[in-house]
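What follows is each chain in one-letter form.
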Amino acid sequence: MIRVGVNGYGTIGKRVADAVAAQPDMEVVGVTKTSPDYGAEAAIRRGYDLYAAIDDRSGAFEDAGLGIAGTLGDLLDAVDVIVDCAPAGVGERNRPTYEAHGVSAIYQGGEDAALADGSFNARGSPEISDADSLRVVSCNTTGLSRLLAPLEEAYGVEKARVTLVRRGGDPSETDRGPINDVVPDPKTVPSHHGPDVNTILPDVDIDTAALKAPVTGMHTHSVNVTLDEQPTSAEVRELLRAEARLFLIPEGSGIDGAGTLKDYAADVGRPRGDLWENCIWEESIRAEGRDLYLFQNVHQEADVVPENVDAIRTLASDASREASVTRTNEALGVGLDSLLSGGGPSRDQVAADD
């Protein structure tokens, strides 16, 4: 069993913890919080051992009636891999601590690419060996890499142009914005997303422009790719349909936006209404000559979760990338068939099976 700790039990951390707990070859040793808030209480309710992320705040947890198993240092001494899910920029400050404890580390896309030994995407990046740390790229980069990798392999990509309409904040981020506006963010082109894609797919020529909108649901991508070849729209649909982490939304499904996507995911039993897959409107896929057009939505809270699981295996096992992806998908219920039939097993079901 790969012993895993999650440093930062927040939007991404709590999802990563649940995903790791569902894996047959992994165990969650513990999770950390910086303060005894509702998230700390929820972690204990879900059966995770709780650790204080900051040593001198241990007493605050005890004062709040939340028993802790120790501090971050204690957790690091008990794990093979630590998954850093702290806010952007904090991972860089945490790195010396991880190195001092001799623990392999996984960082999130908010960190600089140079922080880790390599950037990681299960579909796009090459096999990685002899790494002590990896950076799972951001939600948008993950979504674009999953889409562009099969297109590059099948047809060749001459140029990709993507406009990203990004959510203003996650549902719990009451301090984010804009409130009543749509703003270029950044105002320069390309946005950081294109260069980040190149940390996974260095040979793909891509330009990205981004805007922020006053929504909390999901990111929307308007994609135009000039290919080296001239496939038909039907051929592209079949290519993308074969990718387990791409969900082609059927025409006539009544799913017309992020709201109905999230509603559907919740209705079929996905935990937290999560969508681990890129959600591509099938009817938007149109090939004209060498130009391909489509719309996709990316659930910023969830799509990097299976990538974190695969990154853990990359650092702590000899499993091939293909074997890891298959195992992760099966354990979580990732893929079109599982989405249509109601999602993967719950954490309690996995525990009962074990």
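A quick note: this is a predicted structure, and the numbers were derived from the prediction, not measured.

Some points on the packing of helix α6 (residues 139-154) against helix α8 (residues 233-241)
Working step 1: The geometry of α6 relative to α8 is characterised by a closest axis approach of 10 Å and an angle of 125° between their N-to-C directions. In this view, α6 runs oblique relative to α8, as classed from their interaxial angle. The element α6 and its partner α8 pack so that their crossing is right-handed. Between α6, through Leu-147, Pro-150, Leu-151 and Ala-154, and α8, the contact on the second element is made entirely by Val-236, Leu-239 and Leu-240.
Working step 2: In terms of residue class, the contact of α6 with α8 is made up of 7 nonpolar, no polar and no charged.

Details of the nonpolar core
Working step 1: In this structure, Val-16, Val-20, Val-31, Tyr-48, Val-83, Ile-106 and Ile-312 are the most contacted members of the largest nonpolar core, which totals 44 residues.
Working step 2: Looking at this core element by element, the count peaks at 6 residues for helix α1 (residues 11-21).

Details of the side chain of His-193
Working step 1: Considering the arrangement of structural elements, one finds His-193 in helix α7 (residues 193-197).
Working step 2: Only 3.4 Å separates the side chain of His-193 from the side chain of His-192, close enough to count as a polar contact.
Working step 3: The residues contacting His-193, other than those within four sequence positions of it, are Asn-140, Thr-141, Leu-164, Arg-166, Thr-208 and Ala-210.

Description of the state of the cysteines
Working step 1: Under the defined criterion, the tally for this structure stands at 0 disulfides.
Working step 2: Cys-85 forms no disulfide, and the closest cysteine sulfur to it belongs to Cys-139, at a distance of 13 Å.
Working step 3: Sulfur of Cys-139: no disulfide; nearest cysteine sulfur belongs to Cys-279 and is 13 Å away.
Working step 4: Cys-139 sits in the buried class, given a relative accessible area of 14%.

Some details on the environment of Gly-273
Working step 1: Residue position: Gly-273 is located in the loop between α9 (258-267) and β14 (278-281).
Working step 2: The spatial distance from the C-alpha of Gly-273 to the C-alpha of Asp-263 is 7.1 Å, given a sequence separation of 10 residues.
Working step 3: Excluding anything up to four places from it in sequence, Gly-273 contacts Lys-262, Ala-265, Ala-266 and His-299.

Focus on a negative patch on the surface
Working step 1: Taken together, the side chains of Asp-55, Asp-56, Asp-74 and Asp-77 define an acidic patch exposed on the protein surface.
Working step 2: Along the polypeptide, Asp-77 turns up in the loop between α4 (72-76) and β5 (81-84).

Section: the sheet that holds strand β4 (residues 70-71)
Two orientations exist for strands paired in a sheet by backbone hydrogen bonds: parallel and antiparallel.
Working step 1: Spatial ordering of the open sheet is given by β4-β3-β2-β1-β5-β6-β8-β7, a layout of 8 strands whose pairing is parallel. For this open sheet the edge positions go to β4 and β7 (119-120), each flanked by a neighbour on one side alone.
Working step 2: Judged from the 4 bridges that link them, strand β1 (residues 2-7) and β5 form a sheet pairing that is parallel. Of the residues in β5, the one forming a bridge with Val-6 is Val-83.
Working step 3: Helix α10 (residues 305-316) rests against β1, β2 (26-33), β5, β6 (104-107), β7 and β8 (133-136) of the sheet, and its axis sits at about 165° to β8.

Concerning the confidence of the model for the chain
Working step 1: Averaged over every residue, the pLDDT of the chain is 93; the share at 70 or more is 95%.
Working step 2: Every residue in residues 342-354 is under pLDDT 50, and counting partners more than four places away or in other chains gives 18 contacts.

Some thoughts on the packing of α1 against α10
Working step 1: Following both chains from N to C, one finds α1 and α10 inclined at 55°, their axes separated by 9 Å at the closest point. Classified by the interaxial angle, the pair formed by α1 and α10 is oblique. The handedness of the crossing between α1 and α10 comes out as right-handed. Facing Arg-15, Val-16, Ala-19 and Val-20 of α1, the residues of α10 in contact are Val-305, Asn-308, Val-309 and Ile-312.
Working step 2: In terms of residue class, the contact of α1 with α10 is built from 6 nonpolar, 1 polar and 1 charged.

Topic: the environment of Thr-314
Working step 1: Residue position: Thr-314 is located in helix α10.
Working step 2: Separated by 194 residues in sequence, Thr-314 and Phe-120 have C-alpha atoms that sit 9.6 Å apart.
Working step 3: Those residues within four positions of Thr-314 in sequence are excluded, and the remaining contacts are Phe-120, Ile-128, Leu-134 and Arg-321.
Working step 4: Reaching out from Thr-314, the side chain makes a polar contact with the backbone oxygen of Asp-310 at a distance of 3.0 Å.

Considerations on the pairing of β1
Working step 1: Taken across its 6 residues, β1 has 5 buried, putting it largely inside the fold.
Working step 2: Bridge count between β1 and β2: 6 bridges; the pairing is parallel. The residue of β2 that forms the bridge with Gly-5 is Gly-30.
Working step 3: Of the crossover connections in this fold, the one passing from β1 over α1 to the parallel β2 is right-handed.

Parameters and conventions
- Residues numbered from 1 in each chain as written.
- Predicted model: local features only at pLDDT ≥ 70, side-chain atom pairs only at ≥ 80, totals over all residues.
- Heavy atoms only, no water.
- Axes fitted to C-alpha atoms, helices over the stretch in contact; angles between N-to-C directions.
- Helix = DSSP H or I, 4+ residues; strand = E, 2+ residues; numbered from the N terminus.
- Parallel < 35°, antiparallel > 145°, perpendicular 65-115°, else oblique.
- Left-handed = near helix turned anticlockwise from the far one by under 90°.
- Contact = heavy atoms within 4.5 Å.
- Nonpolar A, V, L, I, M, F, W, Y, C, P; charged D, E, K, R; others polar.
- Core = buried A, V, L, I, M, F, W, Y, C linked by side-chain atoms within 4.5 Å.
- Buried < 20%, exposed > 50% of the residue type's maximum accessible area, 1.4 Å probe, protein only.
- Polar contact = N/O pair within 3.5 Å; in protein donor to acceptor, adjacent residues only side chain to side chain.
- Disulfide = S-S within 2.5 Å.
- Patch = residues over 30% accessible without salt bridge, like charges linked within 9 Å, V, L, I, M, F, W, Y side chains within 5 Å.
- Areas by Shrake-Rupley, 256 points an atom, 1.4 Å probe, with all protein chains shown as cover.
- Salt bridge = Lys/Arg side-chain N within 4 Å of Asp/Glu carboxyl O.
- Lys, Arg positive; Asp, Glu negative; His and termini not counted.
- Charge placed at Lys NZ, Arg CZ, Asp CG, Glu CD.
- Pairing = 2+ DSSP bridges.
- pLDDT = per-residue confidence, 0-100.
- Right-handed = clockwise from strand over helix to strand, strands pointing away.

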